[in-house]
Amino acid sequence: MSTTTEPSVQGVAEQARPKMTRDVKRLVGGIVPANAATFAIIGAVTGILLPLQVQGIDPANKVANLAVVTSIGALVAMIAQPVAGTLSDRTRSRYGRRAPYIVGGALVGGLALVGMGSASSLVQITIAWVAVQIAYNFVLGPLSAILPDRIPRAVRGTFSAMAGLGVMLGAFAGQVLGASLAGSIGTGYVILAGVALVTLTLFVVLNPDTPSTDLERPRFSVADFLKMFWVDPKAHPDFAWAFASRLLLYTGYFVATGYQLYILQDYIGLGDGAAAMIPVFGGISIVGLLISTVVSGPLSDRVGRRKVFVFASSALVGVAMLVPLVMPTVTGWVVFSILSALGFGMFQAVDTALISEVLPSGATYAKDLGVVNIAATLPQTLAPGVAGLIIVVFGGYAALFPVALTLSVLGAVAVWPIKAVR
């Protein structure tokens, strides 16, 4: 059964307004630095700074300890973003529904990062990381709702591509910053916090939303609040399949890349030089990400299709996962970085546009996107925990890659039953 989205309560009139107004162009350009500043935190913290911080406390048990810290943070993230989306949908202010949470989350998250930099035990690190996850998921939920709120359907592939480009640029910039400040973790946290706060505040100021004070507030009940984490797959099968696809492919990708520092140290054999090499591999990856992202999003708009790009991205990521198995060397990791970047960039470019076309209700965009964004944020934060379990159970890093390959393929398979999108 085909699934269609209702008009948003802010009224994006798809047929009445031009495809690319000045405001839309500013949003398309602004989402790049906004996402980059936010995801630089993920790239730097989960990729380098947090693993180094955990390793510095107890080197012998670094894998298990990192798994515990990131797993707890991931569970909190899973709850935080839908809650943020629900509150955002119901917020009535002169600044609109999204802006207060984007700026407020950046401020609180920045303070939590600063506190994390001074943590000296696993308990303190875990508490601070939980606070960071809550705050920045209160940014990401409302920020993601801008696409269905304010972007016409005809250019959502382009917006999605630019949003994905910001994510990848941020992750790379975070890796560079994390590697350069590996010897001063606290300073790294302060810089990340400051850049995110300034960038997100500027995004809100330069892209003011329509005041929401005159909008009718949706009815609220405790039962509805408790149900917000659930979207009936029978009533909304396309949404359920899109959620499954994103969860599977993101998990596959980040299971392999989320443990990159330890993989380079122990599996590739770089030892203490691994942190310095991460920006090099990140730079290689960014080339592939740039190419696939800027081409795939607009091209999907032009041909009016999304699924074929998901299938192609899954194939590329799957092939990439085979390379470190047969070539556990620096050269092998270079090839892996290129192929996985091409595949993941392609997926990132079209996936958000695909999901925006299968949302269950126009009145609850942020809540529904908060639910589906669990499938994006959860793998990135949970991946080190999942990878740690795989490494411990199977006794080595090589087991990560067959698991990642399988999940990537299943992610493409999950897109096939979606009927509302070609």
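Reading the values: rules and limits
- Residues numbered from 1 in each chain as written.
- Predicted model: local features only at pLDDT ≥ 70, side-chain atom pairs only at ≥ 80, totals over all residues.
- Heavy atoms only, no water.
- Helix = DSSP H or I, 4+ residues; strand = E, 2+ residues; numbered from the N terminus.
- Buried < 20%, exposed > 50% of the residue type's maximum accessible area, 1.4 Å probe, protein only.
- Contact = heavy atoms within 4.5 Å.
- Areas by Shrake-Rupley, 256 points an atom, 1.4 Å probe, with all protein chains shown as cover.
- Phe/Tyr/Trp six-rings, centres within 6.5 Å; stacked < 30°, edge-to-face > 60°.
- Lys NZ or Arg CZ within 6 Å of the ring centre and 35° of its normal.
- Expected span 1.5 Å × (residues − 1).
- 1 Å grid on protein atoms, 1.4 Å probe; cavity = no way out; pocket = protein on both sides within 12 Å on 5 of 7 lines; lining within 4 Å.
- Points joined across faces, edges and corners; volume = space filled by probe spheres on them.
- Arc of directions from axis to C-beta.
- Salt bridge = Lys/Arg side-chain N within 4 Å of Asp/Glu carboxyl O.
- Axes fitted to C-alpha atoms, helices over the stretch in contact; angles between N-to-C directions.
- Nonpolar A, V, L, I, M, F, W, Y, C, P; charged D, E, K, R; others polar.
- Patch = residues over 30% accessible without salt bridge, like charges linked within 9 Å, V, L, I, M, F, W, Y side chains within 5 Å.

Engineer: Looking at this structure, how should I read the overall build of the chain?
Structural biologist: For the chain, the count of helices and strands is 15 helices and zero strands. Taking all 422 residues of the chain together, 57% fall into the buried category. Within the chain, residue pairs in contact and separated by at least 24 positions form 86% of the contacts whose partners lie at least 6 positions apart. Accessible surface computed for the chain: about 16,100 Å², of which carbon and sulfur atoms make up 70%.

Engineer: Would you mind going over the packing of aromatic side chains with me for this structure?
Structural biologist: Two aromatic rings are characterised by how far apart their centres lie and by the angle between their planes. On inspection of all chains with the given rule, the structure shows eleven aromatic pairs. Plain terms: the ring middles of Tyr-101 and Phe-138 are 6.3 Å apart, the flat faces sit at 35° to each other, and that makes the pair tilted. You can see Tyr-101 sitting in helix α3 (residues 99-117) and its partner Phe-138 sitting in helix α4 (residues 122-144), a full 37 residues away along the chain. Taken as a pair, Tyr-101 and Phe-138 share a single burial class, namely buried. Judged by centre distance (6.2 Å) and plane angle (70°), the rings of Trp-333 and Phe-401 are edge-to-face. With a gap of 68 residues between them, Trp-333 in helix α13 (residues 330-356) and Phe-401 in helix α15 (residues 400-415) connect regions that are remote in the sequence. Among the aromatic residues, ring-to-ring pairing joins Tyr-250, Tyr-253, Phe-254, Phe-344 and Phe-347 into one connected group. Geometry around Tyr-262 places Lys-62 over its ring, the cationic atom sitting 4.4 Å from the centre.

Engineer: What am I meant to see in helix α12 (residues 307-326) here?
Structural biologist: Note: α-helices contain 3.6 residues per turn, so residues at a spacing of three or four share the same orientation. Spanning 20 residues, α12 covers 30 Å between terminal C-alpha atoms, matching the ideal 28 Å at 1.5 Å per step. Every buried residue of α12 is accounted for by Lys-307, Phe-309, Val-310, Ser-313, Ser-314, Val-317, Gly-318, Ala-320, Met-321, Val-323 and Pro-324.

Engineer: I would appreciate a short explanation of empty space enclosed by the protein in the present structure.
Structural biologist: Rolling a probe over the atoms, with the probe sized like a water molecule, indicates the empty space that remains. Applying the stated criterion to the full structure yields four cavities of 30 Å³ or more. Of the volumes computed, that of the largest cavity is approximately 470 Å³. Around the largest cavity, the lining is made up of 31 residues, and of these Ala-171, Gln-175, Tyr-253, Phe-254 and Thr-257 lie nearest the centre. Put simply, the parts of the chain that give the lining of the largest cavity at least two residues each are α1 (22-57), α6 (156-180), α9 (237-257), α10 (260-267), α11 (274-303), α13 and α14 (365-394).

Engineer: What am I meant to see in the side chain of Ser-285 here?
Structural biologist: Along the chain, Ser-285 falls in helix α11. What Ser-285 contacts, discounting residues up to four positions off in sequence, is Ser-337 and Ala-341.

Engineer: What should I look at first to understand α15 in this one?
Structural biologist: Under the 1.5 Å per step criterion, the end-to-end length of α15 is 24 Å for 16 residues, consistent within 8% with the ideal 22 Å. Along α15, the residues classified as buried are Leu-400, Phe-401, Ala-404, Leu-407, Ser-408, Gly-411, Ala-412, Ala-414 and Val-415. Relative to the axis of α15, the buried residues are bounded by an arc of 160° and lie together on one face.

Engineer: So what exactly am I meant to see when it comes to the pattern of salt bridges here?
Structural biologist: Two side chains of opposite charge can pair, provided their charged atoms sit close to one another. Applying the stated criterion across every chain, the model contains three salt bridges. As a salt-bridge pair, Lys-62 and Asp-266 come within 3.5 Å of each other at their nearest N and O atoms. One end of the pair, Lys-62, is in helix α2 (residues 62-90); the other, Asp-266, is in helix α10, with 204 residues separating them in the sequence. The exposure class assigned to Asp-266 is partly exposed, which follows from its relative accessible area of 43%. Where Arg-150 meets Asp-209, a salt bridge forms, and the shortest distance between an N and an O atom there is 3.9 Å. Highlighted residues: Arg-150 in helix α5 (residues 146-150) and Asp-209 in the loop between α7 (185-206) and α8 (222-226), separated in sequence by 59 residues. Arg-150 gets classed as buried once you look at its relative accessible area, which sits at 14%.

Engineer: Sorry if this is basic, but what is going on with the packing of α1 against α10 here?
Structural biologist: Each pair of packed helices can be described by the angle between their axes along with the distance between the axes. Two numbers describe how α1 lies on α10: the axes approach to 9 Å, and their chain directions differ by 65°. Counted together, Gly-47, Ile-48, Pro-51, Leu-52 and Gln-55 of α1 and Leu-261, Tyr-262 and Gln-265 of α10 form the full contact between these two elements. Class assignment for the residues of the contact of α1 with α10 results in five nonpolar, three polar and no charged.

Engineer: What's the story with a nonpolar patch on the surface in this structure? I'm lost.
Structural biologist: On the surface, Val-287, Ile-291, Val-294, Val-295, Leu-299 and Val-303 cluster together into a nonpolar patch covering about 460 Å² of accessible area. Looking at where Leu-299 falls in the secondary structure, it is placed in helix α11. Leu-299 sits in the partly exposed class, given a relative accessible area of 36%.

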